[in-house]
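Here are the chains, one letter per residue:
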Amino acid sequence: MNKIYKLLFIIPIIIAGCKTTEPDKKLIGQSIDNLDMNIFSKKGEKLFAIKSPNSIYIKENNTFKLEETIINLYKDNQTEYIISSDKSQLSKNNKLLELNGNVLVKTLIQHGEKLYANSFTWNILNSEYLLVGNVKFENNSITLSSDKAILNKDNNIIEFFNPVKYKIKDSNNNKSFEINSENAYYNINTKSVSFKSKG
């Protein structure tokens, strides 16, 4: 008789342990192949365009999660910067753009200038792009590197935060001179660099 009671006691536990949980349908995204999307301002100006071979749209929080992203940033309806990354996310009703993994920023203002970082963040309500992690700017004559930088799209000045390494290249594209600084500023328009110590 005791064996029967024990068996009846064990069965509900096994049933409870085998209960399946359904995924939250609100968090299931819609898969989109070959996404090609343009984002405009309220005035009708083209802000940026996104391309991704594989992406997911989550309706519940109005978020796009994208793979192998290529983004064109516009000014006066003309492409000013082209950015690529391993992954990206567009959220906050298309107002917050975040890129991660092998971020590469190419400027069309000056030929051959590139900006690298681990991550790139832009709140489209302001004029600054935030780059974090292994940030490096490079052109034919110099290299600037730090852990954090801000690119102001209004004046095209990149601010590199302490500590900063500044390298000058020779005619053979080899390092010939190096400076360590607290903060550095590179003007893309004039191709000039300046240093400033805070404190």
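Keep in mind that what you see is a predicted model, and the values were worked out from it rather than measured. (Residues numbered from 1 in each chain as written. Predicted model: local features only at pLDDT ≥ 70, side-chain atom pairs only at ≥ 80, totals over all residues. Heavy atoms only, no water.)

**Q** Quick question: what am I supposed to make of the overall build of the chain here?
**A** Counting secondary structure elements, the chain contains one helix and 13 strands. A separation threshold of at least 6 residues defines the contact pool for the chain, and within that pool the share at least 24 residues apart is 36%. (Helix = DSSP H or I, 4+ residues; strand = E, 2+ residues; numbered from the N terminus. Contact = heavy atoms within 4.5 Å.)

**Q** Would you mind showing me how to read the side chain of Ser181 here?
**A** Turning to its location among the elements, Ser181 is positioned in strand β11 (residues 175–181). On the basis of relative accessible area, Ser181 is assigned to the buried category, the value being 15%. There is a polar contact of 3.2 Å between the side chain of Ser181 and the backbone oxygen of Asn183. (Buried < 20%, exposed > 50% of the residue type's maximum accessible area, 1.4 Å probe, protein only. Polar contact = N/O pair within 3.5 Å; in protein donor to acceptor, adjacent residues only side chain to side chain.)

**Q** Looking at this structure, I do not really get the confidence of the model for the chain. What am I missing?
**A** For the chain, per-residue confidence averages 84 on the pLDDT scale, and 81% of positions sit at 70 or higher. In this model residues 1–25 is a low-confidence stretch, pLDDT under 50, and it forms one contact with partners more than four residues away in sequence or in other chains. (pLDDT = per-residue confidence, 0-100.)

**Q** Would you explain the pattern of salt bridges in this entry?
**A** Note on pairing: side chains with opposite charge can pair once their charged atoms come close. All told, the structure shown has one salt bridge when counted by the stated rule. A salt bridge links Glu138 to Lys169; the shortest N-O distance between them is 3.1 Å. Within this pair, whereas Glu138 is found in strand β7 (residues 128–138), its partner Lys169 is found in strand β10 (residues 164–169), the two being separated by 31 residues in sequence. The buried category is assigned to Lys169, whose relative accessible area is 15%. (Salt bridge = Lys/Arg side-chain N within 4 Å of Asp/Glu carboxyl O.)

**Q** Can you help me understand the packing of aromatic side chains in this one?
**A** By convention here, two paired aromatic rings are described through the distance between centres and the angle between planes. Here the structure, examined in full by the defined rule, presents seven aromatic pairs. When the centroid spacing of 5.2 Å and the interplanar angle of 35 degrees are considered together, the rings of Phe120 and Tyr129 count as tilted. Across this residue pair, the class does not change: Phe120 and Tyr129 are buried. Ring geometry for Phe137 versus Tyr186: centroids 4.3 Å apart, planes at 40 degrees, classification tilted. Note that Phe137 is positioned in strand β7 and Tyr186 in strand β12 (residues 183–187), a separation of 49 residues in sequence. Here Phe137 matches Tyr186 in class, with each residue buried. Clustering of aromatic rings is evident, with ring pairs tying together Phe48, Tyr81, Phe120, Trp122 and Tyr129. One residue, Lys136, lies across the ring of Tyr116, its end atom 5.4 Å from the ring centre. Across from the ring centre of Phe161, 4.8 Å away, lies the NZ or CZ of Lys148, which sits over that ring. (Phe/Tyr/Trp six-rings, centres within 6.5 Å; stacked < 30°, edge-to-face > 60°. Lys NZ or Arg CZ within 6 Å of the ring centre and 35° of its normal.)

**Q** It is not clear to me how the pairing of β12 should be interpreted in this structure. Could you clarify?
**A** The two faces of a sheet get side chains in turn, since along a regular strand they alternate between them. With respect to burial, β12 is a largely interior element, five of its five residues being buried. Both faces of β12 are covered, namely the face carrying Asn183, Tyr185 and Asn187 and the face carrying Ala184 and Tyr186. Pairing between strand β9 (residues 157–160) and β12: four bridges, direction antiparallel. Following the sheet pairing, Phe160 is matched in β12 by Ala184. (Pairing = 2+ DSSP bridges.)

**Q** When you look at unusual backbone geometry in this model, what are you seeing that I'm missing?
**A** Across residues other than glycine, the phi torsion is negative in most instances, and most of the peptide bonds are trans. Here the amide bond leading from Asn162 into Pro163 is cis, since omega sits at 0 degrees, within 30 degrees of zero. Mapped onto the elements, Pro163 comes out in the loop between β9 and β10. For Asn156, which is not glycine, the phi torsion reads 55 degrees and is therefore positive. For Asn156, the location among the structural elements is in the loop between β8 (142–152) and β9. Overall, the relative accessible area of 4% leaves Asn156 in the buried class.

**Q** Help me out: how do you make sense of the side chain of Ser127 in this one?
**A** Relative to the helices and strands, Ser127 is located in the loop between β6 (114–123) and β7. The exposure class assigned to Ser127 is buried, which follows from its relative accessible area of 18%. Reaching out from Ser127, the side chain makes a polar contact with the side chain of Asp154 at a distance of 3.3 Å. Residues within four places of Ser127 in sequence aside, it is in contact with Leu151, Asn152, Lys153 and Asp154.

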